[in-house]
Amino acid sequence: MSPSQFAPIPELFLSWENAENAKFEAADLISHDMTQRQICDLELLMNGAFNPLSGFLGEADYTSVVETMRLADGRLWPMPITLDVSKEFAKKIELGQKIALRDQEGVILATMKITDIWTPDKAREAEMVFGADDIAHPSVNYLHNTAGTIYVGGPVTGLQSPVHYDFRARRDTPNELRAFFRKMSWSKVVAFQTRNPLHRAHQELTFRAARESQANLLIHPVVGMTKPGDVDHFTRVRCYEAVLDKYPAATTTMSLLNLAMRMAGPREAVWHGLIRKNHGVTHFIVGRDHAGPGKNSKGEDFYGPYDAQDLFREHQDEMGIEMVPFKHMVYVQERAQYEPNDEIADRNNVTILNISGTELRRRLAEGLDIPDWFSFPEVVKELRRTRPPRSNQGFTVFFTGLSGSGKSTIANAIMVKLMELGGRPVTLLDGDVVRKHLSSELGFSKEHRDINIKRIGYVASEITKNGGIAICAPIAPYTATRRAVREMVESYGAFVEVHIATSLEECERRDRKGLYKLAREGKIKEFTGISDPYEIPVAAELVLQTEAKDVDTCAQSVLLRLENMGLIGR
Ligand code: PPS
């Protein structure tokens, strides 16, 4: 047992009385309204989970972390924890100034003394931290399309932790977990990081890890931000709670971690290890493709399946936390048990079973059987509650195309056909209608178009979440914005992008509203296709050529695609 494992870790909080006074003083400061990701980072900075960081990185530390995985003073730290802000905000602040950091309701959580303001080289950051400047990587996409252009760094003084109303009893700071381990005399603790529901393979893996390292087990799921499209944390925590009694209570505990993951594979594994070390953990499970982001834009994996293990192994002595590596676990039917895939000597004589994440999602979506050897009935029940078969879920049909391409006409036809089918409420968010009711103050600059589309996306995602059908029909000329809407919607249901690929020549020939003529004469500025760009979708679920086809034929193609995706009943 090492005393440092149990000793309290430094936090960045002021004492209670000082924080009360500081809150009043901070009210006069210029304040930054933090994003969800920044709030997660701030919480873990303040409670010591990101020790040795004392605030958002300054430029020297940032550059050093990006280039060498180390802070400027040489200490290991693989992930740039930065405060990104807009150009407009950066103009209002200067070095040496203190700013207030507020949550999304305006509560002041911390103050920060600004030591650095700089424009980062995001392409370089993407290459070095995520391995490629490829926006198929969710964090590279975030970096380029969500994060502000300027970074601000400096030490943070914590006034209060973000408040969580959900699963409070299950959330612990590093010091709370350290105190628990001390109280229970758990001198060796192996942590399991996860962003997915636990199935039988995970249970077997965690049991084996605890046995091999002769340690107690901490199930340490991430409930901050994970990969877009993951099962929401409410459902996951209900799933974890349902299987917790399958673990021996005397040797296992579970705690929730409000981490915003970056899906950075090898670097992320090292980061996860350091965070767990700060929570008083001695051993850490790193499995196959740890924190993997999925495929790159060429359809290949970003990282090798065991790259994360290799990088962790290289640094584990310095980190002071031992890796428990795990290979891919599969079910051997004849022996009715899980075994590491690469240790099955008699593989030609036995039946090896496995259900991938994609296959599980398909079975849930189509209401198909999920066998007992794969998961626990309690977990399957929870997942089915949240992910009913696709034909009962909400979804969004997102038409995109040039003005006059036929979006509104086809969208109207689809709306009526879906209403005729019945079963789910249908809402049409047509470009012109939205501009009248939701976005009347907006023009057609890139900035305004993006705001307009994100508003549509937000409404569509709420409709989808609540089991309805949203049909959107804006021009939506930008790939990144369409993708942002897709991510919003796919947290709750299917997103069906339909590109109405009517050519510019045909749209201009039709010129129903006479706008192309005005655009050609320069009387309408920034007109899509004429004096403003339209980025053609590359991965739409359906591309519709409308020329020489009537509206009903086009609408039928959409209906067939919806049926083929399991969204409407047969
Ligand atoms: S966007 O880019 O998605 O925000 O556009 P959207 O909200 O769909 O609005 C498009 C409708 O506005 C009319 N209009 C213009 N379109 C493009 N560029 C410019 N500059 C412009 N000015 C006005 C036009 O009638 C579009 O309607 P649709 O239904 O697409 O023809």
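Before reading further, recall that the structure is shown in the block above.
Here the structure is a predicted model, which is why all the values come from computation and not from measurement.

*Asks:* What exactly am I supposed to notice about helix 7 (residues 138-145) here?
*Replies:* It helps to recall that an α-helix has 3.6 residues per turn; residues three or four apart then point in one direction. Burial runs high along helix 7: 6 of the 8 residues are buried. For helix 7, the complete set of buried residues consists of Pro138, Ser139, Val140, Asn141, Tyr142 and Leu143.

*Asks:* Is there a simple way to explain the pairing of strand 8 (residues 189-194) in this structure?
*Replies:* Two faces make up the sheet, and in a regular strand the side chains alternate between them. Burial of strand 8 is extensive: 6 of the 6 residues sit out of reach of the surface. Covered by surrounding structure in strand 8 are Val189, Ala191 and Gln193 together with Val190, Phe192 and Thr194, the residues of both alternating faces. With 6 bridges joining them, strand 8 and strand 9 (residues 216-221) adopt parallel strand pairing. Among the inter-strand pairings, Thr194 is bridged to a residue of strand 9, identified as Pro221. One crossover worth recording links strand 8 to the parallel strand 9 by way of helix 9 (residues 200-213), and it is right-handed. Across 2 bridges, the pairing between strand 8 and strand 11 (residues 283-286) is parallel. Opposite Ala191, over in strand 11, you have Phe284 as the bridge partner.

*Asks:* Any chance you could explain the site of the ligand here in plain terms?
*Replies:* Close to the ligand lie 22 residues; Ser403, Arg435, Arg449, Ala476 and Glu526 are nearest. Interatomic distance of 3.2 Å between a backbone N/O atom of Lys525 and a nitrogen atom of the ligand. Against a free-state accessible area of 620 Å², the protein chains account for coverage of 92% of the ligand. Counting residues per element, the ones that place at least two in the shell around the ligand are helix 15 (407-421), helix 16 (431-437) and helix 17 (446-465).

What counts and what doesn't
- Residues numbered from 1 in each chain as written.
- Predicted model: local features only at pLDDT ≥ 70, side-chain atom pairs only at ≥ 80, totals over all residues.
- Heavy atoms only, no water.
- Buried < 20%, exposed > 50% of the residue type's maximum accessible area, 1.4 Å probe, protein only.
- Helix = DSSP H or I, 4+ residues; strand = E, 2+ residues; numbered from the N terminus.
- Pairing = 2+ DSSP bridges.
- Right-handed = clockwise from strand over helix to strand, strands pointing away.
- Near = heavy atom within 4 Å.
- Polar contact = N/O pair within 3.5 Å; in protein donor to acceptor, adjacent residues only side chain to side chain.
- Areas by Shrake-Rupley, 256 points an atom, 1.4 Å probe, with all protein chains shown as cover.

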